[in-house]
Amino acid sequence: MTDSNQTKISEFLLLGFHNIQNLKIFLFLIFLLIYIGILTGNLLIVCLVTNHYHLRTPMYFFLSLLSSFEILSTTNIVPKMLSIIIREGDTISFAACMIQFYIFSASTNYECFLLTVMSYDRYLAICNPLRYIYIMDFQLQLNLAFWPWLLGCFITLIITGLVCRLQFCGPNIIDHFFCDLSPILELSCSDTSIVKVQAVLFSVPVILLPFIFIVVTYILISISIIRISSAVGRNKAFSTCSSHMVLVCTYYGTLISVYLFLSMNCSTNASKVISLLYIVVTPLLNPIIYTLRNQEVIAALRKNL
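Computed from a predicted model, the values in this text were never measured in an experiment. (Residues numbered from 1 in each chain as written. Predicted model: local features only at pLDDT ≥ 70, side-chain atom pairs only at ≥ 80, totals over all residues. Heavy atoms only, no water.)

Colleague: Lay out unusual backbone geometry with the relevant residues and their values.
Modeller: Excluding glycine, residues mostly have negative phi values, and the peptide bonds linking residues are mostly trans. The backbone of E88 shows a phi angle near 60°, a positive value even though the residue is not glycine. Here E88 is to be found in the loop between α2 (58-87) and β2 (90-93). (Helix = DSSP H or I, 4+ residues; strand = E, 2+ residues; numbered from the N terminus.)

Colleague: Would you mind going over the state of the cysteines in detail, with residue names and values included?
Modeller: Each disulfide consists of one covalent bond between the sulfur atoms belonging to two cysteines. Applying the stated criterion across every chain, the model contains two disulfides. With its sulfur 2.1 Å from that of its partner, C97 forms a disulfide with C179. Across the S-S bond of C97 and C179 the torsion is about -125°, and the bridge reads as left-handed. Residue C97 is located in helix α3 (residues 94-127), and its partner C179 is located in the loop between β3 (173-174) and α6 (181-186); the two are separated by 82 residues in the primary sequence. Judged by relative accessible area, C97 falls into the buried class, the value being 0%. Since its relative accessible area comes to 0%, C179 is described here as buried. Sulfur-sulfur distance for the disulfide between C169 and C189 comes to 2.0 Å. Taking the torsion about the sulfur-sulfur bond, which here is approximately 55°, the covalent link between C169 and C189 counts as right-handed. In this pair, C169 sits in the loop between α5 (138-164) and β3 while C189 sits in the loop between α6 and α7 (193-227), placing the two residues 20 residues apart along the sequence. C169 sits in the partly exposed class, given a relative accessible area of 38%. Here the disulfide map of the protein chain reads 1-3, 2-4, the bonded cysteines being numbered as they appear in the sequence. Considering cysteine sulfurs only, C112 is the nearest to C153, which forms no disulfide, with 14 Å between them. (Disulfide = S-S within 2.5 Å. Buried < 20%, exposed > 50% of the residue type's maximum accessible area, 1.4 Å probe, protein only.)

Quick look at the structure:
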């Protein structure tokens, strides 16, 4: 199978999960239900923010963007994963594999930036409440939404372009349920050192610096909350950022676990389990956290019932 002068492979075989003959129907139904839950929960948040005037604030604007990209990232992977489970492995063309990798990586990058933007929004709301509405105007919201998205797409485009230039002479078997960078590079018969170095370098502005920024912002937020004299005021201030704190811990906890397991050269099965937590569990928790812990969202939801 020849594809171009740069690769002799036109498709990959995604193995998915091994030895699941007796569990494939069960796993298929479980992940299908989770996928439906992800779509329903995140679409619900987008619809509530769009249709309810009192939710048209910067915090909920960024939340609706996060939900939209959760839908995109899971739809990019889960339907193919369901096919892999039911067929006990499935093929994917080289082009489709690169597209899946690009959408997955770009969505991951943007969500890291978006969580950083959301922490900055909470910092302004709590540490500078009197000027918050003037600083976080609609123009700033659009800039904070657009430029991180453009940066995430650009960084991913560089990595994807480098991967596409590699030669793949065979074998073409990816022991995973989606096209991730590490298993793709293992199949290349070219020198992949440049790609690996670029991936590590880009992880600094995409993962490390946003994480440090979030930690610093929440330290400052915590100091401001402690200085509030009344217990009612402290509880109200804490409630406005608690959902985002839980989301950040969940998101970065799973993300760091994935890269930690990969750097430790752990088993492929362990990598798959951690990836599942990141790909399906976190997008499912996002709407649950913001609906169960947020009175404004619950009130908007009750108006629609």
